[in-house]
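So you can see what is in the structure, the chains are spelled out below.
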Amino acid sequence: MKQGRTIIQLAQELERQRQARKDFVADTRKLAVKTEQGQSLLEVVLPEGAEAFVVSELMHRQLGERLQIPQKYYQKMRGEDPELLDYNINRWFTKQPANRMVRTLDGKARAFLSDRYRRLDNLELADVVFPFIKDMKGAELSSCEVTESHMYVKVINKRLQAEVDVGDAVQAGMVISNSEVGLGSLKVEPLLFRLVCKNGLIVKDYAQKRYHVGRQIENDDAAYEIFSDETLAQDDKTFFMKVQDTLKTVVDETLFRLSVDKLCQSKQLPTGNNPVQTVEVLADRYLLSQNERGSILRHFIMSGDCSQYGLINAVTRASQDIEDYGRATEMERLGGELLASAASAVPTQRVVSKEETRPMKNITTLALAR
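Here is what the cut-offs are and how they apply
Position numbers for residues count from 1 along each chain, tracking the sequence in the order it is written. pLDDT decides what is reported in this predicted model: residues at 70 or higher carry local features, side-chain atom pairs at 80 or more are listed and counted, and totals for whole chains, interfaces and linings draw on all residues regardless. Side-chain numbers here rest on the full set of heavy atoms in the structure, without hydrogens or water. A side-chain nitrogen of Lys or Arg and a carboxyl oxygen of Asp or Glu constitute a salt bridge if their distance falls within 4 Å. Think of it this way: any DSSP run of H or I at least four residues long counts as a helix, any run of E at least two long counts as a strand, and we number them from the N terminus. Burial classification: accessible surface area is computed with a 1.4 Å probe over protein chains only, and a residue below 20% of its type maximum counts as buried, one above 50% as exposed, and the rest as partly exposed. Any pair of residues with heavy atoms lying within 4.5 Å of one another is described as a contacting pair. Aromatic rings from Phe, Tyr and Trp, taking only the six-membered ring of Trp, are treated as a pair when their centres fall within 6.5 Å; an angle between ring planes under 30 degrees marks them as stacked, one over 60 as edge-to-face, and anything in between as tilted.

> How should the pattern of salt bridges be read in this particular structure?
A side chain with one charge can pair with a side chain of the opposite charge if their charged atoms come near. The final tally for this structure, using the stated rule, is 29 salt bridges. The partner of Arg-18 in a salt bridge is Glu-124, and the shortest N-O contact between them spans 3.0 Å. Residue Arg-18 is found in helix α1 (residues 7-20), and its partner Glu-124 is found in helix α5 (residues 122-135); the two are separated by 106 residues along the sequence. Note on Glu-124: relative accessible area 9%, which makes it buried. Each of Arg-21, Asp-23, Arg-103, Arg-119 and Asp-121 takes part in a single network of salt bridges with overlapping partners.

> What is the right way to look at the environment of Gln-244 in this model?
Position of Gln-244 relative to the elements: it lies in helix α6 (residues 234-250). The contacts of Gln-244, once residues within four sequence positions are left out, are Val-128 and Phe-132.

> Mind showing me how you'd approach the packing of aromatic side chains here?
For the structure on display, the rule yields 3 aromatic pairs. For the ring pair Phe-24 and Phe-53, a centre distance of 5.7 Å and an interplane angle of 50° mean the geometry is tilted. Note that Phe-24 is positioned in strand β1 (residues 21-27) and Phe-53 in strand β4 (residues 49-55), a separation of 29 residues in sequence. Both residues of the pair, Phe-24 and Phe-53, count as buried. With centroids separated by 5.9 Å and ring planes inclined at 35°, the aromatic side chains of Phe-93 and Phe-112 adopt a geometry described as tilted. Taken together, the residues span a long stretch of sequence, with Phe-93 in helix α4 (residues 82-95) and Phe-112 in strand β6 (residues 108-114) at a distance of 19 residues. Each of the two residues, Phe-93 as well as Phe-112, counts as buried.

What follows is the structure, given as structure tokens:
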């Protein structure tokens, strides 16, 4: 599993970002984009004066989407005629005015969002998640990181463990992820952690999501800063308390056993006798880079396991070779996609109770105490 910051480093960075960020709600007629020396600046006109922020790559994409400027044309103007791009943006800002939320951090305009966007911020989420992890018996924070677009917290439950094969054990866990810039919902996803090679696989099934949709913010054709204490309104506190309930449902013994059964079934599914072709088909389907293709193929061949299980492990192992933490996490999710595909290719197993015999003889539950 890809390693990021320590829990202390994460807490320090979240606190720093809280102090450095500024969020605004503005009528687009109070916004303007201007390119200077190859750098796009967003000006926000406030009652006390204007502030300017460097436009991030993400915000460029969001501007194009919101203003319905095709990305290919947007990038052409940006590269060849930035003044024309500025004119297009500013013209649509005034011709079709709308209230928008602008999120900034460290002098950079990092997101251009709807005025209904609900700020479910990383610091508040951490305040809910960390005490839960501390109180959860057998839980260990295995990896965490905050990037420009997401926060990730990955937790392993050492008390919930089973063998896929003799000497090949996995432990249950979960991944909590959140985006403050509009790139997806707050997610809590099951995780399988393979002890042999420290791979993490994010299970596609049974994930829980909570969306960043709230009340529309009233505005009087002005622009103003939203202060952080507004995020601590009572309804947001209630929302984050519900997140704790979501955490409890994800690391569940029954769901864990279902996922382990799927792993066992994937061992019985061959991928063919040409690993190069298998990886190429996979890479074309999921748009993997050349480096990612090469890493997966290397681990796939070295494992000597040409089953679907071997391919899944090659993908999740390759995630550790990727420098970018967010992309590495996407590769762990790809492992979950492959697991779901493998499960759909075999008959569904009946779910048994704790008192019944396990249906797969090669699964040995080592510890199921909570």
